[in-house]
There are 2 protein chains.
Amino acid sequence: MNGSLGKLSGVRNLAADRLTAEQSGALEGIAASCRLDSVMMTAIAASGHTGGALSSIDIFNILLATADLTPEKLTAPGRDRIVASHGHTSAGFYSALAAWGFIDRDELVANFRRAGSPYQGHVERSVPGVDWGTGNLGQGLSAGVGFALAARALGEERRIFVVMGDGEQPKGQVAEARRIASKEKLRSITALIDYNGIQISGRIEDVMPADIPALWSADGWEVIECDGHSYPSLYDALRRADASESPAVILCRTVMGKGVSFMEGTEEYHGKPASGELLAKAIAELGGDMAELERLRALRMSPLPKVRRAVSPAPSLDLGAPAVYTAQDKKDNRGAFGAALADVAERNYGAAGRTPVIAFDCDLAVSVKLDSFAKKCPGRFIQAGIQEHATATAAGAASVAGVVSVWADFGVFGLDETYNQQRLNAINDASLKTVLTHVGLDVGEDGMTHQCIDYVALARAILGCKIIVPADPNQTDRATRWMLGQPGNIFLAMGRGALPVILSEDGAPFFGKDYAYRYGGIDRLREGRDATILAMGHMAGSAIAARDALAAKGISARVLHSSSPLGMDASELVSLVGAGPLVTCEDHEADTGLGAAAALCLARAGVAVRMKNLGVTRYGDSGSSKDVIARMGLAPGDIAQAVESLL
Amino acid sequence: MNGSLGKLSGVRNLAADRLTAEQSGALEGIAASCRLDSVMMTAIAASGHTGGALSSIDIFNILLATADLTPEKLTAPGRDRIVASHGHTSAGFYSALAAWGFIDRDELVANFRRAGSPYQGHVERSVPGVDWGTGNLGQGLSAGVGFALAARALGEERRIFVVMGDGEQPKGQVAEARRIASKEKLRSITALIDYNGIQISGRIEDVMPADIPALWSADGWEVIECDGHSYPSLYDALRRADASESPAVILCRTVMGKGVSFMEGTEEYHGKPASGELLAKAIAELGGDMAELERLRALRMSPLPKVRRAVSPAPSLDLGAPAVYTAQDKKDNRGAFGAALADVAERNYGAAGRTPVIAFDCDLAVSVKLDSFAKKCPGRFIQAGIQEHATATAAGAASVAGVVSVWADFGVFGLDETYNQQRLNAINDASLKTVLTHVGLDVGEDGMTHQCIDYVALARAILGCKIIVPADPNQTDRATRWMLGQPGNIFLAMGRGALPVILSEDGAPFFGKDYAYRYGGIDRLREGRDATILAMGHMAGSAIAARDALAAKGISARVLHSSSPLGMDASELVSLVGAGPLVTCEDHEADTGLGAAAALCLARAGVAVRMKNLGVTRYGDSGSSKDVIARMGLAPGDIAQAVESLL
């Protein structure tokens, strides 16, 4: 194989005008071995998507031959990237990565889809050469957009290739990504569609007709067609795409199951391997032998290969000095976030050695307070329109490509609408900072469709992420700066309204200039001995008001605040709550947020306390936030009453 | 006003060839009063989206004049329906509904966006004449598709009008809905775009360029343009759309803020009302007076108007006889669902007085076991392609329009990918039956991207819905039949693999022929005295195996099963669990599913027990389900060990 790769060095970066016959033959030889490996690995795993792997192999192969991407350059800045959007063609992509030296071929073929191995059924970042894990269709182009935007912010010349299936073309997110690429003039992106005409349920025109060339063209892409199994044709198409002034898509006409007679042109092998006599036939047609298959099958008993875990480095940023808001300031948390982001981004903008900060908006910049950032950091603000799905994935992918990536949106769009994109960001070990404004009932008069009352519930279901719900503008400022310096997926959630600054008993800001954000910490806002009120976010102020009302009646309540309900230290909580009673209060569903998290901590610790969980119990009203919150039974008087009812 | 309406009776159902000057003038008069009401109600509410309301009013007005929809026909079968996809133009739609007698005008203008009133900020079904609540953009056309498909199944001739904004056109879900309509030849749908060229952040071509006519045309729609403020032009366009052989879209050229000089052509009043001197100016320009404004403002102090709650009747279906699977049957729950659905659907297919059953698929019919239904019920199976967002909304809307609507998909698509669409189905009091297959780790070798490990967590965050996770094929059969006869949004969740039938100690099927599905019930699979194992779904079989292993060691464990973790009766649970110890086990995140629900029940009851919650704690492996589950620590031996550790 190495001899073949050597013959192909002239085509790296599309340097040659065209392929020689010898180069084309060398590529065909590599592809033949990849097809054989794909058939063998799916057979050994007794599962997998063989048909699409075989039709996509020539595309993966030409890209690995021509892209500025080699095993030596795996983490180099400025290298090209390849995204396989139709992640179920993993056998094809993996086999090509093995052929080009990114991974060990025997290890791959033996351990494909083996529990605990890195070679999962859909492409994952645990495999060197895979920059973005996919599998839920329609997301790959968005990831490519994110990579291209990150490269632009870094000033890198980087090509992004996105290989897609034809069955996924109708997915709406594809169109959204196309438009962002077009608007942002991301000519560094080339999409290649494995146009085999077949999806699980049959022919694409029967399952869901779509005029694929017309749709790409309408969104401003150059449309190029080629024979997806002819290397001269593929190479020529890539050269044309490279020269295009707009982003380009190559429709690669292919044959499902290419290379195995009984798999060609049928959906039967979309999602299954060959077996029995047909397996022997397939292997014979591809020039392999059964002894090699059995040798590799035996290797599946070996110890599991190591899983590489993608690591995103912490960004390099000057996080600036805290802004301290005083009792006189009437400010919303949104404003404090926007000011802190703009401050940090501006002080690092263009500074040597600093990580660029980019921010995504979906037509709400003024409401989500990205406007100041946009003014101060030209070229770093991306207006993505009302296209949240593509934005969520693009912002997520950018976050693993060398920039600090921030997306600010209303809670119902930044999390509810894009839950699955955020889940896949988590699976990809991304480092996205999603700022959710207008959460809870504090959205102004917009009404129930705009009330994100499940932000903690959803964040909790995304493994490994953090969510921060600050109490006031001071804590928002500190949390924003802290978050920007951290790796990992973090949500920062806040309502719409202006809030009083939380003060200590002495009247000074509780989250003053010496306060450093501590994720997981429980803030002891007031001490007391008869009961505990545990609040989240803007309910902290109401909890203090309730506490003051109770004090007037001779009841002494402790007030705690958790800005990180998923990170609460259980033993700290247990020791603070003691024997109770406990009232939790949150501008969030009563059964799935702070109260539920606290209940789980207590139940697991084997502690029983008298407890009431105040929160949202129905879809809310449309009116002023104050009225809407009061009608939900979450006013200070309701909190005080709940405490009294437990005494 | 009644005089005006009388003059217009000739244009109902587009009966006249064209509008007379008198009719056109009457419509203009109605529109003028609607514009005034829109400005007044947003001013009184001190919030609202004035600009788009003013630009859309002529569209709403011509539709209410010509559609087969009057206050008398509000619930009539076969009537036309109007969906406002850009729900923020509520002031415009509501004012037109008031002008046409659907709601009381004074009550509306006084109580718009008042907490507790039916007149929410975004259109909701609490307002007569609103068939689908919207607000999160891009969903209205999908709802229209659902209404048209329901009408077809009912054999009704019904026109569906979908009014849309131009800013929402880039949203991917719009394109998905377009394609379903085209494929299904839903010429009963007419979309009307309020083409004012402006969205929140500015001109649409600056925010996110999109070639709107080309995109609709590429998806097979007839594109018609008209002057959106000229009644003859609007009427003529509607007639052309009505005659079109394909679904048609009318691009209505309009002016943002039409009718108020300082609001015209600017985004400034997209999301706010006029106030102060400008309010007086607006009212003067629209021919109103401030005294009337103050009269209406004073009415806001009156008692709240009553909120109408949309009610979906229970379907009329013969639910058939249970299928009983025995110990010899090795069947997956999917198969039991598919067989039960096909049985119920077939026995009611075409039967007089029965509710039609329709089912939606996203290119996975064989995997989700809709294939038998598709064969037995011609015309009732909708292949929607890989377009889950539009499918979720279309299926939801169909469920409130006279049919039993079923959507079966993998868990990650039917819930994770479409969480927000499902949330809005819930807000709309829909009655969708979503069948989630391939949930948990039991997905075969597909790997982490396809493992829906958060189905209970997400269902729990959707207020008012139910989720059912049956233990075996028998319970699946019973739950399927029960679900099909119920109103409301219900999820039915199951893994991929074949399962042993759960047996009683005497060897007979536990969920035998006399078992009736009881939502909320806790199934007492085995009795015991030393500890309790509480399992969900297919973990029931593993829990029994663990119990048998413990019995061999002299430990007596009770085995409970909950198929309805969100509906568990807390007092029943507390009485069954007693003083513990308790081990919960589920093929779902350990912190957000059955274990968390049980912990919350116990904590709220003030009961402390020794407890362990076994479940999914990281994104999973790719391999055989058995291996993947074992590597997550959820094998029977792990359950037994957890019990022992608590003794």
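Above this text you will find the structure in question.
Residues numbered from 1 in each chain as written. Chains lettered and ligands numbered in written order. Predicted model: local features only at pLDDT ≥ 70, side-chain atom pairs only at ≥ 80, totals over all residues. Heavy atoms only, no water.

We now examine the interface of chain B and chain A. Quite often, the size of an interface is put as the accessible area lost when its parts meet. Counting residues at the interface gives 102 residues for chain B and 101 residues for chain A. Summed over both partners, the interface of chain B with chain A comes to about 7800 Å²; 56% of that surface belongs to carbon and sulfur atoms. It is Ile386, Leu463 and Tyr619 of chain B that lose the most area in chain B upon contact with chain A, and together they represent 9% of the buried surface on that side. Linking chain B to chain A there are 10 salt bridges. Salt-bridge contacts for Arg113 of chain A lead to Asp446 of chain B; the nearest nitrogen and oxygen are separated by 3.2 Å. Where chain B meets chain A, there are 51 residue pairs in polar contact (both at pLDDT 80 or more). The element contributing the most residues to the side of chain B that touches chain A is helix α17 (residues 419-427) of chain B, with seven residues. Among the residues forming the side of chain B that touches chain A, the class breakdown is 41 nonpolar, 33 polar and 28 charged. (Contact = heavy atoms within 4.5 Å. Buried area = accessible area lost by both parts, 1.4 Å probe. Salt bridge = Lys/Arg side-chain N within 4 Å of Asp/Glu carboxyl O. Polar contact = N/O pair within 3.5 Å; in protein donor to acceptor, adjacent residues only side chain to side chain. Helix = DSSP H or I, 4+ residues; strand = E, 2+ residues; numbered from the N terminus. Nonpolar A, V, L, I, M, F, W, Y, C, P; charged D, E, K, R; others polar.)

Let us now look at the relation of the copies chain B and chain A. For the pair chain B and chain A, the superposition axis carries a translation of 0.0 Å, the fit reaches an RMSD of 0.0 Å, and the rotation angle comes to 180°. Between the two chains, the operation in question is that of a two-fold axis. Measuring from the rotation axis to each C-alpha of chain B, the shortest distance belongs to Gly172 of chain B, at 1.8 Å. Interface residue correspondence from chain B to chain A reaches 99%, placing this contact among same-surface, isologous pairings. (Least-squares fit on C-alpha atoms with pLDDT ≥ 70 in both.)

In this section: the pattern of salt bridges. Residues and elements named next belong to chain A. Per the counting criterion, the structure on display carries 88 salt bridges over all chains. The partner of Arg35 in a salt bridge is Asp58, and the shortest N-O contact between them spans 2.8 Å. Note that Arg35 is positioned in helix α2 (residues 21-45) and Asp58 in helix α3 (residues 50-66), a separation of 23 residues in sequence. For Arg35, a relative accessible area of 8% translates into the label buried. Taken together, the salt bridges that share partners define one network made up of Asp318, Asp343, Arg347, Asp477, Arg478 and Arg481. (Buried < 20%, exposed > 50% of the residue type's maximum accessible area, 1.4 Å probe, protein only.)

The subject of this paragraph is the sheet that holds strand β6 (residues 222-227) of chain B. Residues and elements named next belong to chain B. The strand order β1-β2-β3-β7-β6 describes an open sheet built from five strands, whose pairing is parallel. Single-partner strands in this sheet number two, and they are β1 (81-84) and β6. Put simply, the sheet's adjacent strands are angled 20° from each other on average, direction ignored. Relative to strand β7 (residues 248-253), strand β3 (residues 189-195) runs parallel, the two being bridged by six bridges. Considered in β7, the bridge of Asp194 is made with Cys252. Packing against the sheet, helix α10 (residues 231-243) makes contact with β2 (160-165), β3, β6 and β7, and its axis sits at approximately 170° to β6. (Pairing = 2+ DSSP bridges. Axes fitted to C-alpha atoms, helices over the stretch in contact; angles between N-to-C directions.)

Along the chain, Ser556 of chain B turns up in the loop between α20 (539-552) and β18 (557-562). Given the relative accessible area of 15%, Ser556 of chain B is considered buried.

A few words now on the nonpolar core. Judged by nonpolar contacts, the single largest core of 208 residues is most densely connected at Tyr455 and Ile533 of chain A together with Tyr455 and Ile533 of chain B. Other than its neighbours up to four places away in sequence, Tyr455 of chain B contacts Leu415, Leu436, Val439, Gly440, Ile467, Val469, Ala493, Met536, Asp587 and His588 of chain B. By size, the runner-up hydrophobic cluster in this structure holds 74 residues, among which are Leu27, Ile57, Leu64 and Phe262 of chain A. (Core = buried A, V, L, I, M, F, W, Y, C linked by side-chain atoms within 4.5 Å.)

What follows is about the packing of helix α2 (residues 21-45) of chain B against helix α4 (residues 90-99) of chain B. Residues and elements named next belong to chain B. Two numbers describe how α2 lies on α4: the axes approach to 9 Å, and their chain directions differ by 130°. As far as their axial angle goes, α4 and α2 are oblique. Like other packed secondary-structure pairs, α2 and α4 cross with a definite hand, here right-handed. Facing Ile30, Cys34, Asp37, Ser38, Met41 and Thr42 of α2, the residues of α4 in contact are Ala91, Gly92, Ser95, Ala96 and Ala99. (Parallel < 35°, antiparallel > 145°, perpendicular 65-115°, else oblique. Left-handed = near helix turned anticlockwise from the far one by under 90°.)

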